[in-house]
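Remarks on the overall topology
Here are the chains, one letter per residue:
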Amino acid sequence: MTAIAAEATTAAARTKTPLRVLRHSLVLAKRNLIGVMRNPEALLDVTLQPIIFIGLFTFIFGGAVAHGSQQDYLQFLLPGILAQLVAFGGAAIGVNLNTDIQKGVFDRFRSLPIARSAPLIGAVLADIVRYTLLCVVALGFGYALGFRAHTSAPEVLAACAIVIAFALCLSWISVFIGMLARTPGSVQGLVILLMFPLTFGSSTLVPVDTLPGWLQAFTNVNPITNLAGTMRGLMLGGPVQSDLLWTFAWMGILLVVFVPLALWAYGRRT
């Protein structure tokens, strides 16, 4: 009877009620954050990398792109580079999940009375802290260099909230790759390889109308371009509705496509 009761308890715990899944996911998100606190170098991609990217592009490209005015280029660059930074920052989650699989952590999760999707959702939710830190570092360093938002504080906060939400949706691509790839190193290589054309073939660094016609065709349908346009509209002013609607649409597409794929790959791998 004890074994039957335990099996019944486990089955009940795995019932996919939204509240139960959320509770399990938050517990595992806390577990991931504790791991980050004990391994602070894991935050280099959201602390040191924004400083390097903003400084590098401002002082190397600023004079050429903005006709000698690095300050003018910084105004254009910072909102767009936030989109690039969160895209590259998503590689970490796939690497970490793949590492957990290699170490057998997911075998332990599978034996626990938790929702099957909770480990993946918890890992994504934990990244809210990483992306929030990235926004703080990027905006703080940008302001130190002379960047100034032309809109109100609520609009700037809304821009940060949108870029974080988009990053969480985009990170499911990294989760999917992390479930398929054989080693953590290959996860990082594949994610970075995918993000390079998405981030550089967009309006993050230069205006779209300066690109060749064939590249503009790709850039105009690139979700990173829409996200960068949303950031600029909310931080610098100007039209934002079209880019904002497209950004929300892309977020929905990413969730609809890659969450089921990630859960399917997770089921096969574990």
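Being a predicted model, the structure only gives us computed values, none of them experimental.

Glancing now at the overall build of the protein. Looking only at helices and strands, the protein features twelve helices and zero strands. Counting from the amino terminus, the protein carries its helices and strands in the arrangement α-α-α-α-α-α-α-α-α-α-α-α. Projected onto its principal axes, the C-alpha coordinates of the protein cover approximately 80 × 35 × 35 Å. For the protein, with 270 residues in total, the buried portion stands at 46%. As presented, the protein carries roughly 13000 Å² of accessible surface, and 70% of it is formed by carbon and sulfur atoms. Here the protein holds 17 positive side-chain charges and 10 negative ones, and the gap between their average locations is 15 Å.

Attention shifts here to the environment of Leu-125. Turning to its location among the elements, Leu-125 is positioned in helix H7 (residues 118-145). Separated by 43 residues in sequence, Leu-125 and Leu-168 have C-alpha atoms that sit 7.6 Å apart. Leaving out residues up to four positions away in the same chain, Leu-125 has contacts with Leu-22, Ser-25, Leu-26 and Ala-29.

Within this structure, the stated rule accounts for three salt bridges. Of the charged contacts, one joins Arg-130 and Asp-45 as a salt bridge, the two residues approaching to 2.3 Å between their closest N and O atoms. Within this pair, whereas Arg-130 is found in helix H7, its partner Asp-45 is found in helix H3 (residues 44-65), the two being separated by 85 residues in sequence. Among the salt bridges present, the one from Asp-127 reaches Arg-130, with a minimum N-O distance of 3.6 Å. Pair noted here: Asp-127 and Arg-130 are both in helix H7, with a separation of three residues, about one helical turn. We note that Asp-127, like Arg-130, is buried. Within this structure, Asp-45, Asp-127 and Arg-130 form a network of salt bridges that share partners.

For the rest of this paragraph, the subject is the nonpolar core. Ile-81, Leu-97, Leu-120, Val-163 and Val-175 are the most contacted members of the largest nonpolar core, which totals 72 residues. The dominant element in this core, judged by the number of residues it contributes, is helix H8 (residues 153-180), at 17 residues. Every residue in contact with Leu-97, bar those within four places of it in the chain, is listed here: Phe-106, Leu-120, Ala-123, Val-175 and Met-179.

As a note on interpretation, predicted positions should not be read in detail where pLDDT is low. Across the protein, the average pLDDT comes to 87, with 93% of residues at or above 70. Across residues 1-13, where pLDDT falls below 50, the model places seven contacts with residues more than four positions away in sequence or in other chains.

On the surface, a nonpolar cluster with roughly 650 Å² of combined accessible area is contributed by Leu-44, Leu-48, Ile-51, Ile-52, Leu-56, Ile-60, Phe-61 and Val-65. Relative to the assigned elements, Val-65 resides in helix H3. Classification of Val-65 by relative accessible area gives partly exposed; the value is 31%.

Following the sequence through the fold, Asp-107 ends up in helix H6 (residues 105-111). Note: C-alpha distance between Asp-107 and Asn-222 (115 residues apart in sequence) is 38 Å.

Think of an α-helix as 3.6 residues a turn; residues three or four steps apart then line up on the same face. Taking 1.5 Å per residue, 28 residues should reach 40 Å; H7 reaches 41 Å between its end C-alpha atoms and fits that length. Of the residues trailing H7, Gly-146 is marked for its positive phi of about 120°.

If you walk through the whole model with that rule in mind, you get zero disulfides. Unpaired in terms of disulfides, Cys-135 finds its nearest cysteine sulfur in Cys-160, a separation of 4.4 Å. The thiol of Cys-169 is not disulfide-bonded; the next cysteine sulfur, from Cys-135, is found 14 Å away. When its relative accessible area of 6% is taken as the criterion, Cys-169 is described as buried.

Under the 1.5 Å per step criterion, the end-to-end length of H8 is 41 Å for 28 residues, consistent within 8% with the ideal 40 Å. With 20 of its 28 residues buried, H8 lies for the most part within the structure.

For Val-259, the location among the structural elements is in helix H12 (residues 241-269). Sequence separation between Val-259 and Val-208 is 51 residues; the distance between their C-alpha atoms is 31 Å. Not counting residues within four places of it along the chain, the set of residues in contact with Val-259 comprises Trp-172 and Leu-254.

About the thresholds
Residues numbered from 1 in each chain as written. Predicted model: local features only at pLDDT ≥ 70, side-chain atom pairs only at ≥ 80, totals over all residues. Heavy atoms only, no water. Helix = DSSP H or I, 4+ residues; strand = E, 2+ residues; numbered from the N terminus. Buried < 20%, exposed > 50% of the residue type's maximum accessible area, 1.4 Å probe, protein only. Areas by Shrake-Rupley, 256 points an atom, 1.4 Å probe, with all protein chains shown as cover. Lys, Arg positive; Asp, Glu negative; His and termini not counted. Charge placed at Lys NZ, Arg CZ, Asp CG, Glu CD. Contact = heavy atoms within 4.5 Å. Salt bridge = Lys/Arg side-chain N within 4 Å of Asp/Glu carboxyl O. Core = buried A, V, L, I, M, F, W, Y, C linked by side-chain atoms within 4.5 Å. pLDDT = per-residue confidence, 0-100. Patch = residues over 30% accessible without salt bridge, like charges linked within 9 Å, V, L, I, M, F, W, Y side chains within 5 Å. Expected span 1.5 Å × (residues − 1). Disulfide = S-S within 2.5 Å.

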